[in-house]
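# Chain and residue survey
Here are the chains, one letter per residue:
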There are 4 protein chains.
Amino acid sequence: MLNIQENEKVYSFKNDYSEGTHNNILEALLKTNLEQQDGYGYDIYSKKAIDILKKVIQDEEVDIHFVSGGTQANMIVISSLLKPHESVIAAIQGHINVHEAGAIEATGHKINIVETKDGKLTPKDIKVVIESHTDEHMVRPKMVFISNSTEIGTVYTKKELEELSISCKTNGLILYMDGARLGSALCSKNNNLSLPKISKMVDVFYIGGTKNGALLGEAIVINNPMLKQDFRFFLKQKGALLAKGRILGIQFYELFKDELYFKLAKHANEMADKLGGEIGKQGYQFLTPCESNQIFPILPNSVIEKLSPKYLFYIWCKIDDNNSAIRLVTSWATKEEAVDGFINDMKGL
Amino acid sequence: MLNIQENEKVYSFKNDYSEGTHNNILEALLKTNLEQQDGYGYDIYSKKAIDILKKVIQDEEVDIHFVSGGTQANMIVISSLLKPHESVIAAIQGHINVHEAGAIEATGHKINIVETKDGKLTPKDIKVVIESHTDEHMVRPKMVFISNSTEIGTVYTKKELEELSISCKTNGLILYMDGARLGSALCSKNNNLSLPKISKMVDVFYIGGTKNGALLGEAIVINNPMLKQDFRFFLKQKGALLAKGRILGIQFYELFKDELYFKLAKHANEMADKLGGEIGKQGYQFLTPCESNQIFPILPNSVIEKLSPKYLFYIWCKIDDNNSAIRLVTSWATKEEAVDGFINDMKGL
Amino acid sequence: MLNIQENEKVYSFKNDYSEGTHNNILEALLKTNLEQQDGYGYDIYSKKAIDILKKVIQDEEVDIHFVSGGTQANMIVISSLLKPHESVIAAIQGHINVHEAGAIEATGHKINIVETKDGKLTPKDIKVVIESHTDEHMVRPKMVFISNSTEIGTVYTKKELEELSISCKTNGLILYMDGARLGSALCSKNNNLSLPKISKMVDVFYIGGTKNGALLGEAIVINNPMLKQDFRFFLKQKGALLAKGRILGIQFYELFKDELYFKLAKHANEMADKLGGEIGKQGYQFLTPCESNQIFPILPNSVIEKLSPKYLFYIWCKIDDNNSAIRLVTSWATKEEAVDGFINDMKGL
Amino acid sequence: MLNIQENEKVYSFKNDYSEGTHNNILEALLKTNLEQQDGYGYDIYSKKAIDILKKVIQDEEVDIHFVSGGTQANMIVISSLLKPHESVIAAIQGHINVHEAGAIEATGHKINIVETKDGKLTPKDIKVVIESHTDEHMVRPKMVFISNSTEIGTVYTKKELEELSISCKTNGLILYMDGARLGSALCSKNNNLSLPKISKMVDVFYIGGTKNGALLGEAIVINNPMLKQDFRFFLKQKGALLAKGRILGIQFYELFKDELYFKLAKHANEMADKLGGEIGKQGYQFLTPCESNQIFPILPNSVIEKLSPKYLFYIWCKIDDNNSAIRLVTSWATKEEAVDGFINDMKGL
């Protein structure tokens, strides 16, 4: 894993957290630095960030809490809302199933895994799980975990989310959306959702900052009044209540006061669209549709080998003996010349 | 709890995390901001911070990991090193016993509580706990948790720590030091310990950044080779592996490259010493000796009431019907004129 | 601990689970043995036992579940009724605090310990705990755990329990009674409670079988409708749902169909009363009042040493250099001639 | 689920725990009933049972502990041997994956699920899981859970177990066998394993009593010396240490002192073989090979409906619109006339 880039000529498409943060955020940290503020999220910047988020979400009744990262958000939301015998349904690709080192199970809860091709859950998936859990010898499925955009770059449409939301309500399930890359999802060319719409359809979700221009930080939004009680206890118990909570408040205030959040996501998507469009023009297929800031072109292994010295990216999976899917991720900070360079280098192969 | 300071004339001695961070750190964040770095602590700044810390500790063999806060550090260290039936011994004032919302028990472990006056544990305390745990109907005490400085401002001497260390080794106990305020402890006028000495005497400890000038961050140092294995799994599972781990590395590099950490702590202590000295001269007693950046003067309630409109501080405990102990905390950012003002205001009462 | 009695001349007052079970129970097991019955508590004997218990408790609305032992009962009740941040208040002598190997903490919950002399909690104790838990940096006390009779042989009076019950209701606390020795408590000469009265005053309790004549088994009784949901899931998840649940049902049916339960407890108490009365006549003091089947005489160490070759009992605690309190436990099966022998042997010293 | 058999004419093939216990066990309980014995497994019968089991296993070095049931055994073994970040690999049909209400996850551990047709794991399955878990963002697979016989009636051959054992050793994995139906497996017509052979190949396993003639009880056998430490703490902490542990010791002593255990299993298998043989002769297929006391004939739904009023059994799964697989389970107590009756009734349809 240790992959320190000492060669300045190498450009990374490995992830969307390679750079620091947008300049506005750094300036705001600087400007407010020596003010005395209350700790643990009771500073005025956290308050201002919550106020602006409520406006953007168009709902004054939601509860909003800031945490440091996505695994922390998932771990706290899921463990605090489920009783010991209750489980959470997730796609097999779901972050909580694969890439959180068993964080959810470590809090005592089973994940009911659903095989999917595109990383998205449907009411039919939910039905199958519910119907196969019939009595107290099994766990009781109580929550549905979805990611938007998904871990493989796809985004939910309004219709898909509405149907899922209705299915959850009908079955008494909590619908929870992991929005680590929600900015990119909402700025997708295929998107017809919005923060207010999403907020009405899910019980709880989080708006990811880390992967869209913040130094760190995710904003958990709780809609369902049944789920709001005592949430700060859960934050504290899981080590998520930062003493200098101001640094999360300041960042989210900056991200949302002038739509910076969406501008950053839009840039990331444009870079991905350009990459994906050009790779497509060269006749390559993709593992999943190019909809957000993560794209998964299927390339000959020989091409991958030639690109590797100049660009960093993950080889996602083997397709056949000669071809693999790679993951290219763009971000708010991706330089267009790097994208152009990548495309040109591909053409030159 | 919501105590936002809108009145500029109010000065806070409530804690040591009211301000942001030292300017060096902000500048370093700015300077490195757009570099592409690997995530999750594999950036070069985390590497450089680890290198410098190893030099300061004078031990190349320690393992060092950065996390976001003290409760997170305690929760991860304790839960990852203990087996399910093992418990941790702590003073009744211990942070893990009182102020972590049950974080340790939430990971499955009992805290064996020891009554103390000064917040410090002794070999005799350990002996009593060990001797009263005789068989499998009880938990097995396996770790000793101490804080330096303690939650009530006292510091361990070299002799005290040595004796405790020997007692732990003799009894097969892991000795763990919570160093949320280790800077202040090491710069105490009563201190005769050092990072290298501490590191030789404890199995694991953490060096607190949040309460000594960082935006956030604590450096966990593992000495005992038996305790090093797979630690990054535990970090990830508890949501502590920041995607942009660079922000922790950058801060600790800045704090330790030129002894900034100790300069900041020294300032905090000087401010506390001045406060404590002057209050003592006015004839007041203290709940515990003034040794670090937290002091606990016992004041008449009438005096407390008169100070309250201008200064923020916690009323720690009731002493009798007319007197209470308050907690005054100073920090790297405490202004000397505020200290002078407080003293003058007391004199004027 | 290994203390196998190979010497037939040694008689044990160590506990109330040294013998097997009452003959009625063995006969009922024999008689029903080859009937085919549904598993996991859905047999007709469990149903009949529940029916008769509801009559004895005089409440058709309670939910009743059978488990194998006291630690299992406590672990399941407490972990299933508390949310992650909620704690349980218990006397320092409480079984869950001392003798369950950290079972409660292992399910994630802190025990708020209260120092008591007689093992009983009062509204004042509750008040102190509640008032010292003020915010989300601490756990939230949500349940009160009491044992009747207590771990040191005392019993709650009607007045004491009423006051505690009101205190719990007022403070939104769940009141849970561990009835491992409830039979002995209810047959105490100082008792003025009954199963129906207790059931109206506590939210949940269990009626202990193991220590009052059953081979194994405790009956958990849930009064509070809010606490009934999904309880069988918790039983299953903690490994408490016996495939041949019939063996628990058969036993409780036998214990309660003709008041056998109370007859057995009465015998145990009579034996303890005789022991306690005679020891008292010899001028010895007791650690706690003799009220149930556990008594704690304070004897000179020389006397204890002389009794030890013929009688098994625990030395409970040191009183001073020359005297210790021992624990003598009687049971449904204690032979009066052994009691007489013990008394005579004491007289002869 | 509530399915009480009030109609005497109905015969149950639902499971192998419908009846009580073998008469030898009842007689032994009766005979030893009034002896005073030490509690919590320190009685002489538990000691004798352990001695005889060590002889049968042909290994004096194993550690043996008795618990009440299979879920309890699995929960304790797995949670006590794994560290927080370690996971257990199991077949999708594995009891821990499906029918333990999330007991394993409730102790904090992920189950890595492997799709299988016959419920058995192979070295290839293990390899796939190991190779897909590459770093600290995922759990670390550390244990392999197998059942013999499996949950769908198949048994492991010596060759299969040897290969799996080698694979586990090579990969540093603990091999754990759930022997809820180990008696039936070892008496299968296809078996070429034995208790001594199994014991040499696995790190830990349990010998099921409940499903082979005991009232309750499973014997956990620990071979690997690394896994023996402090096991009684884990038993106590999970509520598994019965005060009257004698009842488990007495039963296992009776089951193994004259090979009763194998005689009972042999009878169960003979009844299943007869059922399976005759159903096969009638031209029906089976979901899995008939190897133990659980068989899974695929029958037309019309046939199933006609059998239902007279026989109890589970409908295991739908095969197509007209056919389903049912599960027929025989036991030590299954009456041959009931088997004959079932066969005749099928013929008469």
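## Quick look at the interface of chain B and chain C
Each side of the interface is counted separately: chain B has 18 residues, and chain C has 18 residues. The class makeup of the residues in the side of chain B that touches chain C is 7 nonpolar, 7 polar and 4 charged.

## So, the relation of the copies chain A and chain B
Once chain A is rotated about the relating axis by 180 degrees and shifted along it by 0.0 Å, it coincides with chain B to within an RMSD of 0.0 Å. Both copies of the chain, as the preceding transformation shows, are related through a two-fold rotation axis. A shared interface surface links the copies, since 100% of the contact residues of chain A are contact residues in chain B too.

## Observations regarding the interface of chain A and chain B
If you look at the interface, chain A gives 46 residues, while chain B gives 46 residues. Contributing elements (two or more residues each) for the side of chain A that touches chain B: helix H1 (23-32), helix H3 (70-81), helix H5 (103-106) and helix H10 (231-237) of chain A. The greatest single-element share of the side of chain A that touches chain B, amounting to 4 residues, is contributed by H1 of chain A. Class assignment for the residues of the side of chain A that touches chain B results in 21 nonpolar, 20 polar and 5 charged.

## Re the relation of the copies chain B and chain C
When chain B is fitted onto chain C, the two copies agree to an RMSD of 0.0 Å after a turn of 180 degrees and an axial shift of 0.0 Å. A shared interface surface links the copies, since 100% of the contact residues of chain B are contact residues in chain C too.

## Brief notes about helix H3 (residues 70-81) of chain D
Helical geometry: 3.6 residues make up each α-helical turn, so side chains three or four residues apart lie on a common side. Counted at 1.5 Å a residue, the expected span for H3 of chain D with its 12 residues is 16 Å, and the 17 Å between its end C-alpha atoms agrees. In terms of residue burial, H3 of chain D counts as a mostly covered element, since 12 of its 12 residues are buried.

## A short note on the nonpolar core
Counting residues in hydrophobic clusters, the biggest one holds 216 residues, and the most contacted among them are Val144, Tyr176 and Val221 of chain C together with Met143, Val144, Tyr176 and Val221 of chain D. Not counting residues within four places of it along the chain, the set of residues in contact with Val221 of chain D comprises Ile57, Val62, Ile64, Ser199, Val204, Phe205, Tyr206 and Ile207 of chain D. Judged by nonpolar contacts, the second largest core, of 215 residues, contains Val67 and Val329 of chain A together with Ala101 and Phe205 of chain B.

## Description of unusual backbone geometry
Residue and element names in this part refer to chain A. Cis geometry marks the peptide bond from Asn148 to Ser149; its omega dihedral reads -5 degrees. Of note in this structure, Glu259 is not a glycine but carries a positive phi near 65 degrees. Within the fold, Glu259 resides in the loop between helix H11 (246-257) and helix H12 (260-281).

## Re the domain arrangement of chain A
All names here are of chain A. When its domains are assigned, chain A resolves into domain 1 (11-19 + 261-347) and domain 2 (23-257). Placing the centre of domain 1 and that of domain 2 at their C-alpha centroids yields a distance of 27 Å. Facing 21 residues of domain 1, the contacting portion of domain 2 comprises 21 residues. Secondary structure elements with two or more residues in the side of domain 1 that touches domain 2: H12 and strand E9 (294-295). Ranked by residues supplied to the side of domain 1 that touches domain 2, first place goes to H12 with 8 residues. Of the residues contributing to the side of domain 1 that touches domain 2, the split by class is 12 nonpolar, 5 polar and 4 charged.

## Topic: the sheet that holds strand E5 (residues 140-147) of chain A
Residue and element names in this part refer to chain A. Taken in spatial order, the 7 strands of this open sheet run E2-E8-E7-E6-E5-E3-E4, and their pairing is mixed. Each edge of the open sheet carries a strand with a single partner, namely strand E2 (63-67) and strand E4 (111-114). Strand-to-strand twist across the sheet, computed as the mean angle between neighbouring axes with direction ignored, equals 20 degrees. The sheet contact formed by E5 and strand E6 (residues 174-179) spans 5 bridges and is parallel. Bridge assignment links Met143 to a residue of E6, and that residue is Ile174.

## Digging into the packing of H12 of chain A against helix H14 (residues 336-347) of chain A
Residues and elements named next belong to chain A. H14 packs onto H12 with a crossing angle of 10 degrees between their chain directions and a minimal axis gap of 10 Å. In terms of their interaxial angle, H12 and H14 are classed as roughly parallel. Here Met271, Lys274, Leu275, Glu278 and Ile279 of H12 lie close against H14, whose contacting residues are Glu336, Val339, Phe342, Ile343 and Met346. Of the residues in the contact of H12 with H14, the class split is 7 nonpolar, no polar and 3 charged.

Cut-offs used in this document
Residues numbered from 1 in each chain as written. Chains lettered and ligands numbered in written order. Predicted model: local features only at pLDDT ≥ 70, side-chain atom pairs only at ≥ 80, totals over all residues. Contact = placed C-beta atoms within 7 Å. Nonpolar A, V, L, I, M, F, W, Y, C, P; charged D, E, K, R; others polar. Least-squares fit on C-alpha atoms with pLDDT ≥ 70 in both. Helix = DSSP H or I, 4+ residues; strand = E, 2+ residues; numbered from the N terminus. Expected span 1.5 Å × (residues − 1). Buried ≥ 20, exposed ≤ 12 C-beta atoms within 10 Å, placed from the backbone. Core = buried A, V, L, I, M, F, W, Y, C linked by C-beta atoms within 7 Å. Domains from an automatic or database assignment. Pairing = 2+ DSSP bridges. Axes fitted to C-alpha atoms, helices over the stretch in contact; angles between N-to-C directions. Parallel < 35°, antiparallel > 145°, perpendicular 65-115°, else oblique.

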